[in-house]
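A look at the structure
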Amino acid sequence: MRKRDHNVLTNAASLTICGLLAGVVVAAAAFPAVAMSGLAVKAGAETFGALPKELTMARAPQISYLLASDGKTPLATMYDENRRDVKFDDISPHMRKAIIAAEDHDFYKHNGVDINGVARAFVNNQSNASSQQGASTLTMQYVRLAIAYSADHPADVVAATEDTSARKLREMRYALQVDKDFSKDEILTRYLNIASFGNGAYGIYAASQVYFGKPPSKLKIEEAAMLAGMVKAPTTNDPTTKAGYPLALGRRDYVIGNMVDIGAITKAEGEAAKATKMVVKDKKTPNGCVATNKKEWGFFCDYFYRWWMQQEAFGSTSYDRERRLKSGGYTVTTTLDAQAQAAGDKAVRKGLGVNSKAARMVAVIEPGTGRVRALSVNRNFKIDDPKKPQNKISSDPKKAKKGIRGNYPNTVIPLLTGGGDIKGYQAGSTFKIFTIVAALESGLSLRHSINSPKQFKSEYIIDSSSPAACKGTHFYCPTNSTESMAGNHNMWSAFGSSVNTYFVPLQQRVGSENVVKAAQKLGIQFRSDEDAKFANNKEAAHQWGAFTLGVSATTPLDLANSYATLAADGKYCDPTPVQKIVGPDGKSLDIAKPRCEQRISTEVARAAVDAARCPVGDRSATSKCAGATARNVRGVVGKPVAGKSGTTDSEKTSSLVVMTKQYAVAGIQADPDWPQTNQKMGHNVPTGINPPVYETLRDAMKGKKGIEFTPPSGKILEGEQRSIPDVKCQDLETAKKRLKDAGFEPVVSITKVPSTCPAGRAAGTSPTGRTIKEGVVTIEVSSGSSKPVAPPVDDGTGGGPGRPG
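Residues numbered from 1 in each chain as written. Predicted model: local features only at pLDDT ≥ 70, side-chain atom pairs only at ≥ 80, totals over all residues. Heavy atoms only, no water.

1. Some thoughts on the sheet that holds strand S17 (residues 664-670)
The strand order across the open sheet built from 5 strands is S5-S4-S17-S16-S15, with neighbouring strands paired in antiparallel fashion. Each end of this open sheet is capped by a strand with a single partner; those strands are strand S5 (372-377) and strand S15 (642-647). Each adjacent strand pair in this sheet contributes to an overall mean axis angle of 5°, direction not counted. Of the pairings in the sheet, the one linking S15 to strand S16 (residues 654-659) comprises 6 bridges and is antiparallel in character. Looking across to S16, one finds that Gly 643 is bridged to Val 658. Strands in contact with helix H23 (residues 556-567) are strand S4 (359-365), S5, S15, S16 and S17; relative to S4, the strand with the most contacts, it is inclined by about 35°. (Pairing = 2+ DSSP bridges. Helix = DSSP H or I, 4+ residues; strand = E, 2+ residues; numbered from the N terminus. Axes fitted to C-alpha atoms, helices over the stretch in contact; angles between N-to-C directions. Contact = heavy atoms within 4.5 Å.)

Right under this line is the structure:
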């Protein structure tokens with residue numbers, strides 16, 4: 001705060017005179033007949049002297065700006081009052097002179113209170129003149145506004161603006177102190193930053209933008225005069241209305257005339273300014289997430305808003321947090337990557353527009369930071385107007401009978417991130433990655449092999465009437481999407497082809513509660529009450545047989561983040577929509593920093609990613625892939641990728657996750673209005689989920705170098721190797737016993753091979769030599785002839801989740 005030098009005698013005189021005049025003013029208000037008595041003057045002076053000197057000046061509400069990740073591209077603005085403080089040098093000299101000409105000609109001469117003006121107003125008002133005069137200086141007007149903005153209670157706001165002598169006295173006392181504490185330029189700047197100019201414009205910055213679409217430093221004479229003329233009655237003198245335009249024009253010309261009279265401009269400049277046609281833009285500043293810079297960015301903006309409202313650092317209550325956002329004057333650089341967001345917005349609408357019942361939802365997150373780079377869905381972020389509804393009748397038959405409208409094409413529901421009634425969607429076989437992680441953490445290797453039958457009878461108990469139960473039992477018995485997927489599989493081949501009868505027994509071995517725990521560590525939340533009952537109870541989780549097949553609800557954002565944790569070598573990060581938050585004081589807030597921790601070991605993460613390269617048609621030097629459910633992804637993206645597709649029964653939902661080292665992209669396609677939809681969502685078809693996911697990643701990666709995933713090494717890759725006993729020509733039971741005693745899982749082949757051994761005996765094993773401990777060893781059966789019988793072929797088409805329990 002910069003203080004101005006004052007003449008002590010002048011200030012003392014001002015205080016004395018104001019006190020005496022105050023007595024007259026108070027007396028005149030209460031007892032006109034005795035207004036000039038000595039008793040009234042004495043009482044008024046004493047009252048004036050007893051008033052407090054220090055004015056509490058709270059910062060007026062400031063607009064907050066949201067920017068894209070480049071720190072330049074506007075995303076949205078949020079405010080209670082559209083105001084942005086500017087410095088004295090950022091205000092046009094014409095504007096400074098115009099407000100003085102309009103409101104306080106002697107601003108630079110008096111000490112906050114115009115003594116002559118007070119006396120003149122008193123004489124006029126006591127003479128029963130036709131018009132009443134005021135004596136408020138710019139400083140006093142600033143004081144009035146500052147008191148109102150500093151009020152803690154509505155009654156205090158009323159007291160600050162009511163037309164009473166007591167208010168005038170208080171303003172005078174504070175004005176004298178303010179004039180001592182600040183320079184005239186500072187007071188003028190503060191006034192112009194706090195004043196209202198109508199149309200939701202508070203302060204000169206907002207006013208110059210709303211009415212003229214320019215910064216206040218660029219205001220011309222006629223523009224500055226119009227704005228200065230509005231502060232006395234901004235609603236009445238509104239130039240954007242038919243009734244207000246001529247009034248605003250008259251006030252403008254009046255101010256221009258005053259500017260000439262006080263020597264602020266020449267007569268010629270004044271005439272030229274008056275001759276200029278008054279043109280206003282009425283460019284109201286957009287407010288909130290329904291008015292983002294690009295209409296598709298509303299869902300990201302809403303995610304940011306919900307994130308902010310959850311942060312206790314911004315206040316102890318939701319009210320405090322919202323006020324801080326909309327009044328705090330923050331500049332927020334969000335994590336929205338304009339390139340990735342544009343890619344997602346284009347892809348989700350391609351072939352499936354906003355009027356589709358099926359919602360295509362794609363989330364993009366950055367591994368290693370948790371920064372959410374894009375949120376796209378084929379919907380409009382918009383509140384449907386109940387008077388003129390655009391939304392279609394709900395796809396839910398029960399709601400449709402009642403005429404209830406659905407959430408398409410317009411909605412403000414957090415479809416991609418969850419919240420409120422949105423608990424998530426089943427993501428199918430993408431959840432098999434959590435079983436791989438749990439198995440690797442338990443000490444198993446990627447080479448761990450299981451003989452996967454056409455149907456697996458598990459130990460999980462379910463309702464015996466369920467179609468997923470083995471006939472006549474209460475045991476969960478999943479199958480694969482095709483019978484040809486049966487056979488011996490390791491983690492690479494089983495994940496690549498999505499073999500249900502591999503993953504359910506693997507989950508059973510490591511404990512489904514550990515698989516659930518792995519999912520939680522990687523970032524999966526259980527929002528639905530039913531899912532939470534399983535996830536939060538170890539005994540219940542132990543019986544969650546279908547969990548590995550993706551029957552739990554999740555969101556595209558959670559799914560993307562769980563895979564991003566693997567891409568970041570096991571480092572989990574809280575999803576965040578912010579990169580940088582700068583307060584009005586220019587200081588950055590720590591809350592914008594990534595919040596990360598190592599959740600699983602680097603080797604486990606790398607091994608899981610190695611398996612995840614198989615489904616999307618990629619592989620490393622160590623991968624042993626066989627089959628791919630989304631084989632074309634590697635070719636489309638053109639960079640090293642990993643991921644997995646997923647489908648639920650009858651394709652009620654479809655999903656795909658694909659990641660590079662820079663981005664993890666997850667997409668889920670579902671009907672949010674009716675989860676039991678009879679619509680097939682589809683995968684690698686124009687109206688399916690695969691194209692928007694891999695096209696988003698492809699376009700987001702344009703101009704960025706592909707980074708290779710680091711492959712795993714050591715025991716987690718190969719496991720503990722053991723020699724396979726020679727069982728050639730032994731009877732099958734003996735051969736099985738020898739292999740089992742050696743620590744292997746023996747399986748007898750259904751196909752006979754030519755051999756010199758007698759028919760029906762063991763012709764040999766597959767593999768031979770050495771293999772992983774507890775791995776599957778197939779006993780080849782001799783045909784006793786020279787003609788081999790061709791084995792069934794695994795077509796590698798992949799499998800869905802089977803029948804959930």
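We are not done yet, so read on.
2. Some points on the pairing of S5
Within S5, 6 of the 6 residues are buried, which leaves it mostly tucked inside the rest of the structure. Between S4 and S5, which pair antiparallel one after the other, the connecting turn spans 6 residues, and Gly 368 there sits at a positive phi close to 90°. (Buried < 20%, exposed > 50% of the residue type's maximum accessible area, 1.4 Å probe, protein only.)

3. Focus on the state of the cysteines
Applying the stated criterion to the full structure yields 5 disulfides. The disulfide bridge from Cys 289 ends at Cys 301, spanning 2.1 Å between sulfur atoms. Taking the sign of the S-S torsion, about -75° here, the bridge from Cys 289 to Cys 301 comes out left-handed. Of this pair, Cys 289 sits in the loop between helix H12 (267-275) and helix H13 (298-309) while Cys 301 sits in helix H13, and the two are 12 residues apart along the sequence. Across the disulfide, Cys 573 is cross-linked to Cys 596 (sulfur-sulfur distance 2.1 Å). On the sign convention where negative means left-handed, the S-S torsion of about 105° between Cys 573 and Cys 596 marks this disulfide as right-handed. Of the two residues, Cys 573 sits in strand S12 (residues 571-573) while Cys 596 sits in strand S14 (residues 596-598), which places them 23 residues apart along the sequence. The exposure class assigned to Cys 573 is buried, which follows from its relative accessible area of 3%. Each disulfide in the protein links cysteines that, numbered along the sequence, combine into the pattern 1-2, 3-4, 5-6, 7-8, 9-10. (Disulfide = S-S within 2.5 Å.)

4. Here's the deal with the pattern of salt bridges
Should their charged atoms come close, side chains of opposite charge can pair. Within the structure shown, the criterion is met by 31 salt bridges. The salt bridge partner of Arg 144 is Glu 171, with a shortest N-O separation of 2.8 Å. Taken together, the residues span a long stretch of sequence, with Arg 144 in helix H5 (residues 138-150) and Glu 171 in helix H7 (residues 165-181) at a distance of 27 residues. Classification of Arg 144 by relative accessible area gives partly exposed; the value is 21%. The shortest N-O distance in the salt bridge between Lys 350 and Glu 695 comes to 3.6 Å. (Salt bridge = Lys/Arg side-chain N within 4 Å of Asp/Glu carboxyl O.)

5. Regarding the sheet that holds strand S13 (residues 578-582)
Strand order in the open sheet made by the 4 strands is S2-S1-S3-S13, with mixed pairing throughout. Of all the strands in the sheet, just strand S2 (74-78) and S13 have a single pairing partner and so form its edges. When the angles between neighbouring strand axes are averaged without regard to direction, this sheet yields 15°. Judged from the 4 bridges that link them, strand S1 (residues 64-67) and S2 form a sheet pairing that is antiparallel.

6. Looking at the pairing of strand S22 (residues 776-782)
Of all the 7 residues making up S22, 6 are buried; the element is thus mostly covered by neighbouring parts of the structure. Across 6 bridges, the pairing between strand S19 (residues 745-753) and S22 is parallel. Paired with Val 747 across the two strands is Thr 778, which belongs to S22. Examined bridge by bridge, strand S20 (residues 762-766) and S22 share 4 bridges and lie antiparallel to one another. Within the sheet, the bridge partner assigned to Gly 764 lies in S22 and is Glu 780.

7. Some remarks on helix H24 (residues 602-612)
In an α-helix, one turn spans 3.6 residues, which is why side chains three or four residues apart end up on the same side. Among the 11 residues in H24, 8 count as buried, and that is most of the element. Where H24 is buried, its residues contact helix H17 (432-441), helix H18 (491-497), H23, S15, S16 and helix H27 (715-718).

8. Observations concerning helix H9 (residues 203-212)
Among the 10 residues in H9, 10 count as buried, and that is most of the element. If you follow the buried residues of H9, they end up packed against S1, helix H3 (93-103), helix H8 (184-194) and helix H10 (221-230). Following H9 by one or two positions, Gly 213 adopts a phi angle in the positive range, close to 65°.

9. Quick word on the nonpolar core
By size, the foremost hydrophobic cluster in this structure holds 106 residues, and its most contacted members are Trp 308, Leu 566 and Ile 581. Looking at which element gives the most residues to this core, the answer is H13, with 8 residues. Apart from residues no more than four positions distant in its own chain, Leu 566 is found in contact with Ile 433, Val 437, Leu 522, Ile 600, Ala 605, Ala 608, Val 609 and Met 659. Of all hydrophobic cores here, the second largest spans 60 residues; its members include Ile 100, Val 113, Ala 175 and Ala 273. (Core = buried A, V, L, I, M, F, W, Y, C linked by side-chain atoms within 4.5 Å.)

10. Quick notes on the packing of aromatic side chains
Following the criterion strictly, the structure yields 15 aromatic pairs and no others. Taken together, a centroid distance of 6.4 Å and an interplanar angle of 70° make the contact between Trp 307 and Phe 314 edge-to-face. Both rings, one in Trp 308 and one in Phe 314, keep their centres 3.6 Å apart while their planes meet at 5°; by these two values the pair is stacked. Since its relative accessible area comes to 0%, Trp 308 is described here as buried. Classification of Phe 314 by relative accessible area gives buried; the value is 3%. Each member of the aromatic cluster is reached from another via a ring pair, and the members are Phe 431, Phe 434, Phe 526, Phe 534, Trp 544 and Phe 547. Its end group placed over the ring of Tyr 205, Arg 84 keeps NZ or CZ at 4.9 Å from the ring centre. Geometry around Tyr 319 places Arg 323 over its ring, the cationic atom sitting 5.0 Å from the centre. (Phe/Tyr/Trp six-rings, centres within 6.5 Å; stacked < 30°, edge-to-face > 60°. Lys NZ or Arg CZ within 6 Å of the ring centre and 35° of its normal.)

11. Brief notes about the confidence of the model for the protein
The share of residues in the protein with pLDDT of 70 or more is 87%, and the mean pLDDT across the chain is 89. Across residues 1-10, confidence stays below pLDDT 50; counting only partners more than four residues off in sequence or on other chains, it has 18 contacts. In this model, residues 791-805 is a region of pLDDT below 50 whose contacts with residues beyond four sequence positions or in other chains number 58 contacts. (pLDDT = per-residue confidence, 0-100.)

12. Looking at the side chain of Thr 622
Its location among the elements puts Thr 622 in the loop between H24 and helix H25 (633-637). Overall, Thr 622 belongs to the buried group, its relative accessible area being 16%. With near-sequence residues (within four places) excluded, Thr 622 lies in contact with Trp 492, Asp 610, Pro 711, Pro 712 and Leu 717.

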